[in-house]
Amino acid sequence: MKHERLCGIIESILFVCGDDIQLQTLADALGHTIETITEAVDELEQAYLHDSRGLMLKRFNDRLQLVSKSDYATYVERVLQPVQRQSLSQSALETLVIVAYRQPITRQEVEAIRGVKCDYSLQSLSNKGLIADVGRKETLGRPILYATTDDFLSHFGLRTLKDLPELPANFPNTDNSVQLSMEIEQA
Amino acid sequence: MKHERLCGIIESILFVCGDDIQLQTLADALGHTIETITEAVDELEQAYLHDSRGLMLKRFNDRLQLVSKSDYATYVERVLQPVQRQSLSQSALETLVIVAYRQPITRQEVEAIRGVKCDYSLQSLSNKGLIADVGRKETLGRPILYATTDDFLSHFGLRTLKDLPELPANFPNTDNSVQLSMEIEQA
Amino acid sequence: MAFIFESKEFQGPLDLLLHLIGNAKINIADIFVSQVTDQYIRIVSQSEAMDMEEASEFIQMAATLLLIKSRSILPPSPEETENPDENPEATLIWQLEEYARCQQLAAQMQDFEEAASRLFSKLPDEYPLPPPQIELEGLTLEGLIAAFMKMQARFLGKEKEGLAPNRVIRLDEYSVPRFMGEILRKTKRGSLRFTDLFSENPSRNEVVTLFLALLELLKLGKLRVSQAHSQAEIVLNRNNKEVQPLET
């Protein structure tokens, strides 16, 4: 290990914080470059692979969080009250998938694909912090554009959007869908 | 390590738990004897001694808690409480000049020179450790006397107060000001 | 076919159609040559206990299916363009395919969600922190001197304009000791009516200060006041028993 002490320090900080923390915050506070911090974090991640370690790193975008190892989750739940797991409803999940693959996207565009009103599921995803309003589309009515957040990545254990499951062939193109939905509505 | 996996499982449980936990609870949940659990915990404790680890065990009686390593406390503090950078406002600087050249000086005397209320800027300079309360003037109302601190010298790179630049001409004279302010009050 | 329809079981009309296609074991593209569309229309028309809010989307789809059915029976109208993108059959098939992929991805995402939910985090520690550290920046002697120069310029500017500092103005206007002296001077020659103390248009500040001065003189026993009755003028007189007047 090249950055032994730094690994220990980062582990200590992540432990106390509990929450996720930005790499930049660590770099600033510890007076290291992002590169050095990233190297140490990679080492730490590597060390956690060992069976004798009960922790692992959850990395998403430029964020970092210390979590318990998923392999040992059943043991954790044996000792502690079953930790509450919140999963998303089918309709929220469908809406989220569309936003994830077609971001930034408007409500109308999401609805064109799902064929149903999505105000409620967009609102609920927004309240959960999984998606956020990222601006307005420069078109008639200037509708709100939605995109996924860092919390979205964390909720699904993804490091970046590139880790999303590969898009099946012929996945709908949003622009087409809008056009389609207009036709459907006027049909 | 004899109990590698068990060490990892215990670490996982202690991490999620946060609080202290009884050895017996671990033994019951994991289906091991207290002796085996104790052996694993000893191994874990040993492993935490390494610099690359940021955690340590707090053991008391038959209880066990995972805590951050005290050696790294200063780094944790740096992240949780970053140093705040601030600069002084024009009014604070003016007040500071007056205190620096006319110390020890009362608030009334500073106000007589600046012609405006100075409670706020004196308070803020005092909070920043640049000036301090050094006693009371033996006059009506026994007002607080302010003077600059050693921090003041170090911030401005001065060795002693004698290193302050020579007083430019026409600097309002405190004695006069005091006299004026006294007149106001006693006229 | 016994099918009890509960709109809540389906995520909208596309979900129901896909369900029927799945039951019929056909390709999405074969929807119009199968019994699926008829089944759909029958299910929607037979279901009575449908919430209008949710039903509207199902009914709209039924209308689209009916339109498609009627088009297959009637000869195409002459105005109709031959753009395949604009015919409702192609549109619906495309939408169904889109939605089917979306459901497929949603299922994969559910697996991710499940896996991620096995990662437990920990609550932040209640960590005792020292008082916050403040680092002052931009503190230079030059800055200090500049502040001084600015202040001095302001000072000199005021003097040049002949403006006496505020404090001198206040001194001339109202002060309890000054008014005390004035009252004593005015009562030297004999009794004085209280109202005569005030200037023509006294400010609130003047009235209050004068009144305080009067009270102070009464307290010190330097003055007497008398009044014939409660509505009468208050008259002030020097207390002659007082040996040492304030002003000499």
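Source: prediction; values computed, not measured.

Trainee: Please provide a residue-by-residue account of the sheet that holds strand E1 (residues 21-22) of chain B, values included.
Mentor: In space, the three strands of this open sheet follow the order E1-E3-E2 (chain B), with antiparallel pairing throughout. Each of the sheet's edge strands pairs with one partner strand only, and the pair in question is E1 and strand E2 (55-60) of chain B. When E2(B) meets strand E3 (residues 63-68) of chain B, the two strands line up antiparallel, connected through six bridges. Residue B:Lys58 lies in a different strand from E3(B), and its bridge partner there is B:Gln65. Packed onto the sheet, helix H1 (residues 4-17) of chain A meets E2 and E3 of chain B and runs at close to 110° relative to E3(B). Of the strands in this sheet, E2 and E3 of chain B are in contact with helix H3 (residues 34-48) of chain B, which crosses E2(B) at around 135°.

Trainee: Summarise the pattern of salt bridges; cite the residues concerned and give the values.
Mentor: In this structure the tally under the stated criterion is 27 salt bridges over all chains. Salt-bridge contacts for A:Arg114 lead to A:Glu94; the nearest nitrogen and oxygen are separated by 3.1 Å. A residue pair is termed long-range when its members are at least 10 positions apart, and A:Arg114 in helix H6 (residues 107-114) and A:Glu94 in helix H5 (residues 90-102) qualify at 20 residues. For A:Glu94, a relative accessible area of 0% corresponds to the buried category. Notably, a salt bridge pairs C:Lys122 with C:Asp125, separated by 2.9 Å at the nearest N-O pair. Looking at C:Asp125, the relative accessible area reads 31%, which means it is partly exposed. Shared partners join several salt bridges into a network, and the residues in it are A:Glu11, A:Arg53, B:Glu11 and B:Arg53.

Trainee: Would you mind going over the interface of chain C and chain A in detail, with residue names and values included?
Mentor: Between chain C and chain A, the contact holds 37 residues from the first and 58 residues from the second. The junction of chain C with chain A conceals about 4100 Å² of combined surface from both sides, 63% of it contributed by carbon and sulfur atoms. Area buried by chain C at its contact with chain A is led by C:Met109, C:Glu113 and C:Phe120, which between them contribute 18% of it. In this assembly, chain C and chain A are joined by zero salt bridges. Going through the elements one at a time, helix H1 (13-24), helix H3 (52-73) and helix H4 (88-116) of chain C are the ones with two or more residues in the side of chain C that touches chain A. Looking at the side of chain C that touches chain A, its residues break down into 16 nonpolar, eleven polar and ten charged.

Trainee: Provide a residue-level description of the nonpolar core, including the pertinent values.
Mentor: Among the nonpolar cores identified, the biggest contains 60 residues, and A:Ile10, A:Ile13, B:Ile10, B:Ile13 and B:Ile37 are the most heavily contacted of them. It is H1(A) that contributes the most residues to this core, nine residues altogether. Excluding residues within four positions of it along the chain, B:Ile13 makes contact with A:Tyr75, A:Val76, A:Val79, A:Leu80, B:Ile21, B:Leu26 and B:Leu30. If you look at the next biggest cluster of nonpolar residues, it comprises 30 residues, including B:Val110, B:Leu122, B:Leu125 and B:Leu130.

Trainee: Tell me about the packing of aromatic side chains, residues and numbers included.
Mentor: Enumeration over the complete set of coordinates arrives at five aromatic pairs over all chains. With centroids separated by 6.3 Å and ring planes inclined at 65°, the aromatic side chains of A:Tyr72 and A:Tyr75 adopt a geometry described as edge-to-face. Owing to a relative accessible area of 0%, A:Tyr72 belongs among the buried residues under this scheme. Since its relative accessible area comes to 19%, A:Tyr75 is described here as buried. On the numbers, 5.2 Å between centres and 50° between planes, the contact of A:Phe152 with A:Phe156 is tilted. Placement of both A:Phe152 and A:Phe156 in helix H8 (residues 150-156) is noted, with a separation of four residues, approximately one turn of the helix. What makes A:Phe152 buried here is its relative accessible area of 0%. The exposure class assigned to A:Phe156 is buried, which follows from its relative accessible area of 2%. Sitting over the face of the ring of A:Phe15, C:Lys122 holds its NZ or CZ atom 4.3 Å from the ring centroid.

Trainee: Tell me what's going on with the interface of chain A and chain B, and back it up with residues and numbers.
Mentor: Across the contact, 33 residues belong to chain A and 32 residues belong to chain B. Across the chain A/chain B interface, buried area totals approximately 3000 Å², and carbon plus sulfur atoms make up 70% of it. The largest per-residue losses of area from chain A upon contact with chain B belong to A:Arg5, A:Phe15 and A:Val79, which jointly make up 20% of the total buried on that side. Viewed at the interface, chain B and chain A are joined by two salt bridges. With a closest N to O distance of 3.3 Å, A:Glu11 and B:Arg53 form a salt bridge. Inspection of the region where chain A meets chain B yields twelve residue pairs in polar contact (both at pLDDT 80 or more). Counting residues per element, the side of chain A that touches chain B draws most heavily on H1(A), at eleven residues. Its residues assigned to classes, the side of chain A that touches chain B comprises 19 nonpolar, seven polar and seven charged.

Calculation rules
Residues numbered from 1 in each chain as written. Chains lettered and ligands numbered in written order. Predicted model: local features only at pLDDT ≥ 70, side-chain atom pairs only at ≥ 80, totals over all residues. Heavy atoms only, no water. Pairing = 2+ DSSP bridges. Helix = DSSP H or I, 4+ residues; strand = E, 2+ residues; numbered from the N terminus. Contact = heavy atoms within 4.5 Å. Axes fitted to C-alpha atoms, helices over the stretch in contact; angles between N-to-C directions. Salt bridge = Lys/Arg side-chain N within 4 Å of Asp/Glu carboxyl O. Buried < 20%, exposed > 50% of the residue type's maximum accessible area, 1.4 Å probe, protein only. Buried area = accessible area lost by both parts, 1.4 Å probe. Nonpolar A, V, L, I, M, F, W, Y, C, P; charged D, E, K, R; others polar. Core = buried A, V, L, I, M, F, W, Y, C linked by side-chain atoms within 4.5 Å. Phe/Tyr/Trp six-rings, centres within 6.5 Å; stacked < 30°, edge-to-face > 60°. Lys NZ or Arg CZ within 6 Å of the ring centre and 35° of its normal. Polar contact = N/O pair within 3.5 Å; in protein donor to acceptor, adjacent residues only side chain to side chain.

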